[in-house]
Amino acid sequence: MGNGYFHLQKQVVEEFEQSLQGGANKSSIVGVQKDYANDSQMCLSSISFVPKDLAAEVTTKIMKPLQAIEPDFYYYPVHSLHLSIKNIRTIHHPPLFTEEDIKKVAKLFGETIPQFPSLHFEIEDIIKMPTSVLVIAYAEENFKKLFLALDNGLKEIGVPDDKRYFSDSVVWGSITLCRFTSQPKSEFIDKVRSMRHLKFGEMVVSDIKLVVCNAVCHESSRQIIADFHLQV
C-alpha cells in the first residue's frame, strides 16, 4: 500500500477520533435503537461482505470481549459483517429513495465499477463512535478515485449521497462491529481503547453489492439488488 495516502488517512482518522472525543461530530450517525434487527428504517448502500476468516477473527478478538461487558448491545453476526463502500441513501422510514432511484443507481454502478481495479484495504484501528464500535479499513488511493467517481455520478443522475462525511478529500472504509442499545459502561469504553491499535491484515475487495437493508444489514431486511465486479 502506498505510504503517502495511507499515512494521510491515518492522520485524518486521528483528527476524526479527536473530534468525536471533543463532542464535535460532523458525520452522519445512526441513532441508538433497542431492536436493530427488526428496525423498519431502510437505506440504499453499496457494500462488500467480510471474508469468513477475517469475520471470525474480529468476532473472537473484539466482539466477544466487548459482549462479555455489554451483552445487550447488538453485535453483527459473521454473515452480516460488511465493509461499507459507498452510501447512497441513509436509513429512514419511509425510505428516502424510490424503485426508479434504485434502477438509476444500479445502471450507474454497472457502468462505473468495472472500470476500476480490485480494492486493497488494511484492516486496523478500533474506533468508538457515539453509538457504535467499528474497525477502520485504510485504502489505496484507487478507492478514493472510485468513491469520487460514484459520488459524482450519483449527483448527475439526481440521487446524491445524503450521508455527511468528516472529510471531503480523504476517504476510508469501515466495518461496524456493534451498535449500542444504551450508554456503554466505562469498562466497555476502556476495553475499546485498549484495542485501539489492533491489526487484522489485508482485505481484498473484488466485488461490490448494491443493497437495500436496515442499519445492521440484517438478513431479514437485506435485499441484494445487484453484484458488480472490479477488475482482478
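This text gives an overview of the structure that appears in the document. (Residues numbered from 1 in each chain as written. Predicted model: local features only at pLDDT ≥ 70, side-chain atom pairs only at ≥ 80, totals over all residues. Heavy atoms only, no water.)

Some remarks on the overall build of the protein chain
And then number 1: When helices and strands are tallied, the protein chain shows five helices and nine strands.
And then number 2: From first element to last, N terminus to C terminus, the protein chain shows the α and β order α-β-α-β-β-α-β-β-α-β-α-β-β-β.
And then number 3: Since a compact globule built from 232 residues should have a radius of gyration of about 17 Å, the 17 Å found for the protein chain is in line with a globular shape.
And then number 4: Projected onto the principal axes, the alpha-carbon positions of the protein chain cover approximately 45 × 40 × 35 Å.
And then number 5: For the protein chain, the computed accessible surface area is about 10,800 Å², with 50% contributed by carbon and sulfur atoms. (Helix = DSSP H or I, 4+ residues; strand = E, 2+ residues; numbered from the N terminus. Rg over C-alpha atoms; globule rule 2.2 N^0.38 Å. Areas by Shrake-Rupley, 256 points an atom, 1.4 Å probe, with all protein chains shown as cover.)

Some details on the packing of helix α3 (residues 99-112) against helix α4 (residues 141-156)
And then number 1: Between α3 and α4, the shortest axis-to-axis distance is 10 Å and the interhelical angle comes to 145 degrees. Seen from above, α3 lies across α4 with right-handed handedness. Each of V105, L108, F109 and T112 in α3 lies in contact with α4, whose residues at this interface are L146, A149, L150, G153 and L154. (Axes fitted to C-alpha atoms, helices over the stretch in contact; angles between N-to-C directions. Left-handed = near helix turned anticlockwise from the far one by under 90°. Contact = heavy atoms within 4.5 Å.)

Things to note about the nonpolar core
And then number 1: L81, F109, L119, F121, I123, I175 and F188 are the most contacted members of the largest nonpolar core, which has 74 residues in total.
And then number 2: L81 has contacts with F49, V50, A55, V58, T59, M63, Y76, I175, T176 and L177, leaving out every residue within four places of it along the chain. (Core = buried A, V, L, I, M, F, W, Y, C linked by side-chain atoms within 4.5 Å. Buried < 20%, exposed > 50% of the residue type's maximum accessible area, 1.4 Å probe, protein only.)

Some remarks on the pairing of strand β6 (residues 173-179)
And then number 1: Taking burial as the measure, the seven residues of β6 include seven buried ones, the bulk of the element.
And then number 2: Summarising the sheet, strand β2 (residues 74-75) and β6 pair through two bridges and their orientation is antiparallel. Residue pairing across strands places Y75 opposite C178, the latter belonging to β6.
And then number 3: Of the strand pairs in this sheet, strand β5 (residues 132-139) and β6 are connected by six bridges, and their pairing is antiparallel. (Pairing = 2+ DSSP bridges.)

Thoughts on the pattern of salt bridges
And then number 1: What the rule picks out here adds up to 13 salt bridges.
And then number 2: The partner of D207 in a salt bridge is K209, with the nearest N and O atoms 3.5 Å apart.
And then number 3: Since its relative accessible area comes to 15%, K209 is described here as buried. (Salt bridge = Lys/Arg side-chain N within 4 Å of Asp/Glu carboxyl O.)

Structural notes on the layout of surface pockets
And then number 1: Here the largest pocket defines a volume of roughly 940 Å³.
And then number 2: Around the largest pocket sit 42 residues that line it, and S28, S84, K163, S174 and R179 are the ones nearest its centre.
And then number 3: Secondary structure elements with two or more residues in the lining of the largest pocket: β1 (42-49), β3 (82-92), β5 and β6.
And then number 4: A total of seven residues in the lining of the largest pocket trace back to one element, the largest contributor, which is β3.
And then number 5: Classifying every residue of the lining of the largest pocket gives 21 nonpolar, 17 polar and four charged. (1 Å grid on protein atoms, 1.4 Å probe; cavity = no way out; pocket = protein on both sides within 12 Å on 5 of 7 lines; lining within 4 Å. Points joined across faces, edges and corners; volume = space filled by probe spheres on them. Nonpolar A, V, L, I, M, F, W, Y, C, P; charged D, E, K, R; others polar.)

Details of the environment of S28
And then number 1: With respect to the secondary-structure elements, S28 resides in the loop between α1 (3-21) and β1.
And then number 2: Between the C-alpha atom of S28 and that of F166, which follows or precedes it by 138 residues, the distance is 8.7 Å.
And then number 3: Ignoring any residue separated from it by four or fewer positions in sequence, one finds S28 in contact with D162, K163 and R164.
And then number 4: A polar contact of 2.7 Å, which involves the side chain of S28, links it to the backbone nitrogen of R164. (Polar contact = N/O pair within 3.5 Å; in protein donor to acceptor, adjacent residues only side chain to side chain.)

Some thoughts on the packing of aromatic side chains
And then number 1: A complete count under the given rule lists twelve aromatic pairs for this structure.
And then number 2: Aromatic pair F16 and F166: ring centres 5.2 Å apart, planes at 50 degrees, arrangement tilted. Remark: F166 occurs in the loop between α4 and β6 and F16 occurs in helix α1; sequence separation between them is 150 residues. The same class applies to F16 as to F166, namely buried.
And then number 3: Both rings, one in F73 and one in F180, keep their centres 5.0 Å apart while their planes meet at 35 degrees; by these two values the pair is tilted. (Phe/Tyr/Trp six-rings, centres within 6.5 Å; stacked < 30°, edge-to-face > 60°.)

Nothing here speaks to function; it is all geometry.
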